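# Geometric and topological summary
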Amino acid sequence: MHGNVSEWCADWYGDRYYAKSPAEDPTGPDSGASRVLRGGAWRCNFPVDFRCAFRDYGVPDRRYYFARFGFRVARTLTP
């Protein structure tokens, strides 16, 4: 999905982790101080930041005045 906010992910952020991580479904480091944010948002500095593949990081317990982060809720219906 693509929306107007970057999405918080459960993965911890590691600036060197993805250079040596598995190509499919990397889970991030085991611990850290910042969480991964994925996807473009309304308040980005450069055009490349608007892409759905954009990756950033942030500290989840900090308040941000520009509030470009969010989350998505998904529901699975069982037959």
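Refer to the preceding data block for the structure.
Now for a look at the structure at hand. Along each chain, the written sequence defines residue order, and numbers are assigned to residues from 1. Restriction of local features to residues with pLDDT of at least 70 applies here, the model being predicted, together with a cutoff of 80 or more for giving and counting side-chain atom pairs; totals for whole chains, interfaces and linings are based on all residues. Derived side-chain values reflect all non-hydrogen atoms in the structure, with water molecules and hydrogen atoms excluded from consideration.

## Some points on the overall build of the protein
- Secondary structure elements follow DSSP: runs of H or I of four or more residues count as helices, runs of E of two or more count as strands, with numbering from the N terminus. Broken down by element type, the protein carries 0 helices and 4 strands.
- Seen in sequence order, the protein has helices and strands lined up from the N terminus as β-β-β-β.
- Counting over 79 residues, the protein shows a buried share of 28%.
- Contacts spanning at least 24 positions in sequence make up 50% of the contacts within the protein whose residues lie at least 6 apart. Relative accessibility decides the category of a residue: with a 1.4 Å probe and only protein chains considered, values under 20% of the type maximum give buried, values over 50% give exposed, and everything between is partly exposed. Any two residues having at least one pair of non-hydrogen atoms within 4.5 Å are treated as being in contact.

## Observations regarding unusual backbone geometry
- Look at Asp25: it is not a glycine, yet its phi comes out positive at around 55°.
- Topologically, Asp25 is positioned in the loop between strand E1 (6-12) and strand E2 (35-38).

## Quick look at the pairing of E2
- Whether two strands pair comes down to DSSP finding at least two bridges between them. Where E1 and E2 come together, 3 bridges link them in antiparallel fashion. Bridged to Trp12 within E2 is Arg35.
- Pairing between E2 and strand E3 (residues 55-58): 4 bridges, direction antiparallel. Looking across to E3, one finds that Arg35 is bridged to Gly58.

## With respect to the side chain of Ser34
- Mapping Ser34 onto the fold places it in the loop between E1 and E2.
- For Ser34, the contacting residues outside a window of four places in its chain are Asp11, Trp12, Tyr13, Tyr57, Gly58 and Val59.

## What about the packing of aromatic side chains?
- Stacked, tilted and edge-to-face pairs are distinguished by plane angle, under 30 degrees for stacked and over 60 for edge-to-face with tilted covering the rest, among Phe, Tyr and Trp rings (Trp via its six-membered ring) whose centres lie within 6.5 Å. Within the structure shown, the criterion is met by 1 aromatic pair.
- Taking 4.2 Å as the distance between ring centres and 20° as the angle between the ring planes, the aromatic pair formed by Tyr13 and Tyr57 counts as stacked. Within this pair, whereas Tyr13 is found in the loop between E1 and E2, its partner Tyr57 is found in strand E3, the two being separated by 44 residues in sequence.
- By relative accessible area, which is 24% here, Tyr13 ends up partly exposed.

## Points about the environment of Glu7
- Structurally, Glu7 can be placed in strand E1.
- Looking at Glu7, the relative accessible area reads 22%, which means it is partly exposed.

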